[in-house]
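These are the residues of each chain, in order.
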Amino acid sequence: QVQLVESGGGLVQAGVSLRLSCTASGIIFRNYGMGWFRQAPGKEREVVAGISWSGGSTYYADSVKGRFTISRDNAKNTVTLQMNSLKLEDTAVYYCAARRNAVPTTTSYDYWGQGTQVTVSS
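Residues numbered from 1 in each chain as written. Predicted model: local features only at pLDDT ≥ 70, side-chain atom pairs only at ≥ 80, totals over all residues. Heavy atoms only, no water.

**Student:** Could you give an account of the environment of isoleucine 70, naming the residues involved and the relevant values?
**Tutor:** Tracing the sequence through the fold places isoleucine 70 in strand E7 (residues 68–73). Residue class for isoleucine 70 comes out buried when judged on its relative accessible area of 4%. For the pair isoleucine 70 and serine 7, spaced 63 residues apart in sequence, the C-alpha separation works out to 14 Å. In this structure, isoleucine 70 is in contact with Met34, Trp36, Ala49, Gly50, Ile51, Thr58, Tyr60, Val79, Thr80 and Leu81, ignoring residues within four places of it in sequence. (Helix = DSSP H or I, 4+ residues; strand = E, 2+ residues; numbered from the N terminus. Buried < 20%, exposed > 50% of the residue type's maximum accessible area, 1.4 Å probe, protein only. Contact = heavy atoms within 4.5 Å.)

Spelled out as structure tokens, the structure:
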């Protein structure tokens, strides 16, 4: 049974940092490309960042480029999203996702976590 469990969300003020983590089980993690998505109220889900199986290739949406960093630790089956300089518009439920051999620009994933809420206040 595949499980992706996100953690690290919360309520923060604009301008601060937050670190999200996603731990995978039930898959051979090193074989999977990973992604972070988000969905704000009333909006469609959008890709935030993606990372290749090795971590050697990454992708970022323009809206987060330069502020967010995606990384992974294959020994710990974990993918992390470091979010700096948070803005009000970053408020959303954040989801991690996994797909075997996915490239970082993939938007179609096989497995999804349950999501973690990030709320940025002024």
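Moving on from the coordinates now.
**Student:** Please set out the nonpolar core residue by residue, giving values where relevant.
**Tutor:** Core analysis: the biggest nonpolar cluster contains 30 residues, and Met34, Trp36, Leu81, Met83 and Tyr94 have the highest contact counts within it. Secondary-structure elements contributing two or more residues to this core are strand E3 (18–25), strand E4 (32–39), strand E5 (46–51), E7, strand E8 (78–83), strand E9 (92–100) and strand E11 (116–121). In this structure, Phe37, Val47, Ala102 and Tyr109 belong to the second largest nonpolar core, which totals five residues. (Core = buried A, V, L, I, M, F, W, Y, C linked by side-chain atoms within 4.5 Å.)

**Student:** Before we move on, could you go through the pattern of salt bridges and cite the residues and values that matter?
**Tutor:** In the structure shown here, the tally under the stated rule is four salt bridges. Residue aspartate 90 is joined to arginine 67 by a salt bridge in which the shortest nitrogen-to-oxygen separation is 2.7 Å. You can see aspartate 90 sitting in the loop between E8 and E9 and its partner arginine 67 sitting in the loop between strand E6 (58–60) and E7, a full 23 residues away along the chain. Beyond isolated ion pairs, a larger network of salt bridges with shared partners links Arg38, Glu46, Arg67 and Asp90. (Salt bridge = Lys/Arg side-chain N within 4 Å of Asp/Glu carboxyl O.)

**Student:** Describe the state of the cysteines, with residues and values.
**Tutor:** Simply put, disulfide is the name for a covalent bond between the sulfur atoms of two cysteines. Evaluation of the coordinates by the stated rule reveals one disulfide. Put simply, cysteine 22 and cysteine 96 are joined by a disulfide, and their sulfur atoms are 1.9 Å apart. Across the disulfide from cysteine 22 to cysteine 96, rotation about the S-S bond amounts to roughly 40 degrees, and the bridge is consequently right-handed. Here cysteine 22, found in strand E3, pairs with cysteine 96, found in strand E9; they are 74 residues apart in sequence, far enough to count as distant. (Disulfide = S-S within 2.5 Å.)

**Student:** Explain the sheet that holds strand E1 (residues 3–7) to me, and be specific about the residues and the numbers.
**Tutor:** For sheets, the rule is that strands pair by backbone hydrogen bonds, running either parallel or antiparallel. Ordered in space as E1-E3-E8-E7, the four strands form an open sheet in which the pairing is antiparallel. Edge strands, defined here as strands with exactly one partner in the open sheet, are E1 and E7. Averaged over all pairs of adjacent strands, the angle between strand axes in this sheet comes to 15 degrees, irrespective of strand direction. Strand direction decides the pairing type here: E1 and E3, joined by five bridges, are antiparallel. From the neighbouring strand, valine 5 faces E3, where its bridge partner is threonine 23. (Pairing = 2+ DSSP bridges. Axes fitted to C-alpha atoms, helices over the stretch in contact; angles between N-to-C directions.)

**Student:** Tell me about unusual backbone geometry, and please be specific about residues and values.
**Tutor:** One non-glycine residue with positive phi stands out, namely asparagine 77, at about 55 degrees. If you trace the backbone, asparagine 77 turns up in the loop between E7 and E8. Within the chain, asparagine 101 stands out as a residue other than glycine whose phi angle is a positive 60 degrees. Tracing the chain through its elements places asparagine 101 in the loop between E9 and strand E10 (111–112). By relative accessible area, asparagine 101 is classed as exposed at 54%.

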